[in-house]
Structures are given as C-alpha cells and as structure tokens.
Amino acid sequence: MKSYNILLLGSGGRENAIAWKLRQSKKCKELYIAPGNAGTAEYGTNLPMAVTDFESIRSFCLENHIDMVIPGGEDALVAGIFDFFRNDSSLRDIIVAGPSKAGAQLEGSKAFAKEFMKRQGIPTAAYREFDEKNFEEGIQYISRHTLPVVIKADGLAAGKGVVISHNHEEAVESFSRMIKDAQFGDAGKKVVIEEFLEGIELSVFVLTDGRHYVLLPEAKDYKRIGEGDKGPNTGGMGAISPVPFAKEDFMGKVKSQIIHPTIEGLKKEKIDYNGFIFFGLINVGGDPYVIEYNCRMGDPETEVVMPRLKSDLLEMIEAMSAGQLANFAVEHDQRAACTVMLVSAGYPDAYEKGKVMTGLDAVENSLLFHAGTIVRNHEVQTNGGRVLAITSYGSGLQEALARSYENAARIQFEGKYFRTDIGWEFPGQ
Ligand code: AMP
Ligand code: GLY
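Residues numbered from 1 in each chain as written. Chains lettered and ligands numbered in written order. Predicted model: local features only at pLDDT ≥ 70, side-chain atom pairs only at ≥ 80, totals over all residues. Heavy atoms only, no water.

Below, the discussion takes up the overall build of the chain. Of the regular secondary structure elements, the chain holds 12 helices and 22 strands. Principal-axis analysis of the C-alpha atoms gives the chain an extent of 60 × 50 × 45 Å. For the chain, the share of sequence-separated contacts (at least 6 apart) that also reach a separation of at least 24 residues comes to 69%. Here the chain displays about 17600 Å² of accessible surface, and carbon together with sulfur accounts for 48% of that area. (Helix = DSSP H or I, 4+ residues; strand = E, 2+ residues; numbered from the N terminus. Contact = heavy atoms within 4.5 Å. Areas by Shrake-Rupley, 256 points an atom, 1.4 Å probe, with all protein chains shown as cover.)

Here's what the structure looks like:
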C-alpha cells in the first residue's frame, strides 16, 4: 500500500478540518501544515512557512520526501503553485491537489469567470466588464442599471471587493474608487457590474481531475457578522450541511446546468484542473445560478463537509491524480452537521489577539477546529478574528446546532462573540 508524506498549506479552520480528515487515513504517513495553528498541531507538525514562499516550500518538499501538497486557500493556487511544481523536474512527481494558474483564474479573476460562463452557457447574473478605457461608458451603464446593482473588483480583494448598491450615486462612487483611486490596487483595475439575483445561497463542492468529478456534501455558510444576516461580511460565522432545499431535483439541475458544463468547459479550453471546485450558487425560484467560483474548499464550509464525508479524502485525491475518479464511489454521512464560529470582539474590523482560552477540555459531543489560535506559554490563545469552529453532528440540523451551542458556552475568552441563529431559515429540520 502506497502511503504519503503530505504538506498542507494554510492556517484556518478549513485546514484544521482537512488535517483531521487526512489523519484518519491509513495512507497518511507524515503530515506537515504550513503555517498551521494550535489545532492542526494535534494532527501533524506545523511549519513556520508562508504559503506563497515557493522556494522554501520546494526545499522542504525535497528534504522531507513530500509526496503530496494540498493548498487550503486560493493564494498559493492563484500565484501558480501547481505550475511551479510541474515545471521543476525535481518536483514534477509530487501531487499538487489544486488547479493550474490558468484554472485558478476561475477565482482569481471575476471577469475571466464571467467570460468562461458565458462561453459555456452556464447560468449566472447578466453583466458587463469595465476598466480605465471604458470608464465613462461604465458610469452611464451603472446610472441606467436597475437597483440594487452589484459592483465587483476583478481580482482577489480579501472578500471585500463586492459592493451591493441600492442607489446610483453610491454605485458610481464605488466603481470610481476601484478604477480611479485603485482602492484594491491591481485587483480593482477591472470591474464587473452585474445584475442582483434574489434567492438563497449555497455552496457546492466537487473534486475533479478535469474529466470526471466526485460530489462532496453541500453546505450553506453564514457570512454576515450579525444575527438575521445583518451587518458587514465576514469570512464566515457558521455553516450547515445538508442544505434542506438541495434535494434531488435541484441538485440534478446543479449537475446538468453547472457542474457538467464547467468541467466540459475546462476540458475544451485545455485548462489543467486537478483539484476542488467550490461553486457559490444561488437558488432563484428553484433554478441554480453561479454567483462565484472558488478554486479551493470553503471556510467554514469545510468544517461541516469533512465531517460528512465518509470516504477517505486521501484516497480520493489519489484517485484524482491517477485519473480514476470515475470509479470512485464517494460516500456521505447521513447525519446533519453544523459549525458555529467563535470570533474576537470587534471582528471583522479591528480586534485584539492574545486572549487566553479556557474550557476547551470541557467540550463534549463536538469537534473543535481551530481557526485563529496559537499556543504560547503552554496556553492556547486567540490569534485571529475567527478563532474556533465548533462542529457537531445530529440526526437533524437543529440537534447538531444545539450541541454546538452547548459547547460554545463552555469555552471562554475575553471578547468571545458568536451568532446564535445559525440555521435560522430551517426551524424544525
Ligand atoms: P463574492 O465575493 O463574489 O462571493 O460576493 C460576495 C457576496 O455578495 C456573495 O456571497 C453574495 O452574497 C453577494 N453577491 C455577489 N454577487 C451577487 C449577485 N449577482 N446577486 C446577489 N448577491 C450577490
Ligand atoms: N465561505 C466562503 C468562502 O470560503 O469563500
């Protein structure tokens, strides 16, 4: 039996959940996480290495006989880690579970993603693309657009590049700040203006080898800081899986109208893609539309998706790299799972770090996935805005949520905040 030395890149709750899952595989030999957090250290060895420091990653992989690299987030992928490995004869045989730089453009450039969907006939909001050259035309276009109107910086903007505007002046100002004032630097030099879609969002994930794919459990995340989905966007305050409306009929449409044409499109356009695709979808009156693509798993969705994935993740990635996904029978856990994120006071704006955490040992019937934590002076301390994901199983969503909330009360740190209404749209489920 082949076993693998693995390097996992990232430091969030997502990477903690992936590390937890990989550790359960008989085929996992050594597991390293760069840079990792206090939670990932339970499953492997943390390394003080930046995810885009490809030269250090290269040396580490060669010295430690790494067989597989798993980039958790988009940064290394958009920066071209897949191509970096493929173009280096000493790294070529190492599996990189992620798309090429070209494939990562599905997330790295919203204009690229929109053009791709248009070419492949994939349902998405109607849009136009503008830059410095047709700036004036952009202003005219926005001024005549129905409200609300959605303004998106083309490139990666740490989740802050999307503005949903309810009046024309404000929309023009946001547009102008992106293009004329370089609010997001190069990421905002190009801007996508699109129609606002009304509906309920969900996240669908596949692992693909560019020809075939396996479907992972779907999830729904809760992005706003405040209860009732109010207030500013965050990295995610909680997640649930399954999503009650994602039944066979709806998922059938997702497969035939979105997943299948996306993978066929990648193949037709000769874009190398060996990794996860995260479809950010919206259900508009029973029909799925793509809001965005991501070239990686979601956070905090991974904190419910990995617990609901019964199959061996490492074997799945092994099958992907061997082009054998067509024969891989993926199994999902029938139980529901939820995760509730504990965050620092002030997040998503300024917040303090270094708060001592207590009560972690008192947790019962939940899994803890650390997001922003660090071990200092033999204590676990907060080290980020999103601190800890508390994941639980239940026969239904509400049972799972009750377990996570019981444990949220047991964990203490100064300034602890969490939403108490995760799963609010699905009472009685
Ligand atoms: P994105 O960075 O593309 O994920 O956008 C951030 C959030 O803005 C999404 O999760 C949606 O909630 C919202 N959003 C983006 N585009 C649209 C749209 N066309 N219609 C409605 N909501 C949108
Ligand atoms: N939860 C949304 C994301 O990971 O982008």
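Around ligand 2 sit Asp 221, Phe 278, Asn 294, Arg 296, Gly 298, Asp 299 and Glu 301, and that is every residue in its neighbourhood. Measuring from a nitrogen atom of ligand 2, one finds a side-chain N or O atom of Glu 301 at 2.7 Å. Relative to its unbound accessible surface of 200 Å², ligand 2 loses 87% to contact with the protein. By residue class, the composition of the shell around ligand 2 is one nonpolar, two polar and four charged. (Near = heavy atom within 4 Å. Polar contact = N/O pair within 3.5 Å; in protein donor to acceptor, adjacent residues only side chain to side chain. Nonpolar A, V, L, I, M, F, W, Y, C, P; charged D, E, K, R; others polar.)

Size it by volume and the second largest pocket reaches roughly 210 Å³. The biggest single contributor to the lining of the second largest pocket is helix 9 (residues 248–268), with three residues. Looking at the lining of the second largest pocket residue by residue, the classes come out as four nonpolar, two polar and five charged. (1 Å grid on protein atoms, 1.4 Å probe; cavity = no way out; pocket = protein on both sides within 12 Å on 5 of 7 lines; lining within 4 Å. Points joined across faces, edges and corners; volume = space filled by probe spheres on them.)

What follows covers the side chain of Lys 27. Of note, Lys 27 is situated in the loop between helix 1 (13–23) and strand 2 (28–35). In this structure Lys 27 comes out as buried when scored by relative accessible area, which is 13%. Side chain to side chain, Lys 27 and Glu 318 meet in a polar contact 2.9 Å long. Beyond its immediate chain neighbours, meaning those up to four positions away, Lys 27 contacts Met 1, Lys 2, Ser 3, Tyr 4, Leu 314, Glu 315 and Glu 318. (Buried < 20%, exposed > 50% of the residue type's maximum accessible area, 1.4 Å probe, protein only.)

On to the sheet that holds strand 7 (residues 149–153). Reading across from one edge, 6-9-7-8 is the order of the four strands in this open sheet, with antiparallel pairing throughout. The open sheet has two edge strands, strand 6 (127–130) and strand 8 (162–165), and neither has a second partner. Across the sheet, the axes of successive neighbouring strands diverge by a mean angle of 20°, strand direction being ignored. Where strand 7 meets strand 9 (residues 191–195), five bridges bridge the pair, whose relative direction is antiparallel. Note that in strand 9 the partner of Ile 151 across the bridge is Ile 193. Strand contacts of helix 7 (residues 135–144): strand 6 and strand 9, with the helix running at about 150° to strand 6, the strand carrying the most contacts. Helix 8 (residues 168–179) rests against strand 6, strand 7, strand 8 and strand 9 of the sheet, and its axis sits at about 10° to strand 7. (Pairing = 2+ DSSP bridges. Axes fitted to C-alpha atoms, helices over the stretch in contact; angles between N-to-C directions.)

Right, let's get into the packing of aromatic side chains. Geometrically, a pair of aromatic rings is defined through the distance of the ring centres and the angle of the planes. Following the criterion strictly, the structure yields 14 aromatic pairs and no others. For the pair Trp 20 and Phe 369, a centre-to-centre distance of 5.6 Å together with 70° between the ring planes defines the contact as edge-to-face. With Trp 20 in helix 1 and Phe 369 in strand 19 (residues 367–370), this residue pair connects regions lying 349 residues apart in the sequence. For the pair Trp 20 and Phe 369, a shared accessibility class is recorded, and that class is buried. For the ring pair Tyr 347 and Tyr 351, a centre distance of 6.2 Å and an interplane angle of 65° mean the geometry is edge-to-face. Judged by its relative accessible area of 31%, Tyr 351 is partly exposed. Here the aromatic residues Phe 112, Phe 116, Phe 279 and Tyr 293 are joined through ring pairs into a cluster of three or more. A cation over a ring is seen here: Lys 2 above Tyr 4, with NZ or CZ 4.8 Å from the ring centre. (Phe/Tyr/Trp six-rings, centres within 6.5 Å; stacked < 30°, edge-to-face > 60°. Lys NZ or Arg CZ within 6 Å of the ring centre and 35° of its normal.)

Okay, the environment of Cys 338 next. Relative to the assigned elements, Cys 338 resides in strand 18 (residues 336–343). In sequence terms Cys 338 and Tyr 393 are 55 residues apart; their C-alpha atoms lie 6.7 Å from each other. Other than its neighbours up to four places away in sequence, Cys 338 contacts Ala 239, Ile 240, Val 304, Ile 390, Thr 391, Ser 392, Ala 400, Leu 401 and Ser 404.

All right, on to the site of ligand 1 then. Inspection of the region around ligand 1 gives 14 residues, with Glu 194, Glu 195, Leu 197, Glu 201 and Glu 292 positioned closest. At a separation of 3.4 Å, an oxygen atom of ligand 1 approaches a polar side-chain atom of Lys 110. A distance of 3.1 Å separates an oxygen atom of ligand 1 from a polar side-chain atom of Lys 223. In isolation ligand 1 exposes 470 Å². Once the protein is present, 88% of that is buried. Of all the elements in the fold, those that place two or more residues in the shell around ligand 1 are strand 7, strand 8, strand 9 and strand 17 (287–294). Its residues placed into classes, the shell around ligand 1 shows seven nonpolar, no polar and seven charged.

Moving on, we get to the pattern of salt bridges. This structure, assessed with the given rule, holds 27 salt bridges. For Arg 403, the salt bridge is made with Glu 399, and the minimal N-O distance between the two is 3.5 Å. Of the two residues, Arg 403 and Glu 399 are both situated in helix 12 (residues 397–410); the distance of four residues between them amounts to about one turn of the helix. A relative accessible area of 29% places Arg 403 in the partly exposed class. Where salt bridges share partners, they join Lys 27, Glu 315 and Glu 318 into one cluster. (Salt bridge = Lys/Arg side-chain N within 4 Å of Asp/Glu carboxyl O.)

Moving on to the sheet that holds strand 10 (residues 200–208). Taken together, four strands build an open sheet; the order of strands is 11-10-16-17 and the sheet is antiparallel. Looking along the sheet, the strands with just one partner apiece sit at the ends: strand 11 (213–215) and strand 17. With direction set aside, neighbouring strand axes in the sheet form an average angle of 35°.

All right, on to the nonpolar core then. In this structure, Leu 7 and Ile 81 are the most contacted members of the largest nonpolar core, which totals 74 residues. Ranked by residue count, the leading element in this core is helix 9, at seven residues. Once you skip the residues sitting within four places of it in the chain, Leu 7 turns out to touch Tyr 32, Ala 34, Leu 47, Met 49, Ile 57, Phe 60, Cys 61, Ile 66, Met 68, Val 69 and Ile 70. (Core = buried A, V, L, I, M, F, W, Y, C linked by side-chain atoms within 4.5 Å.)

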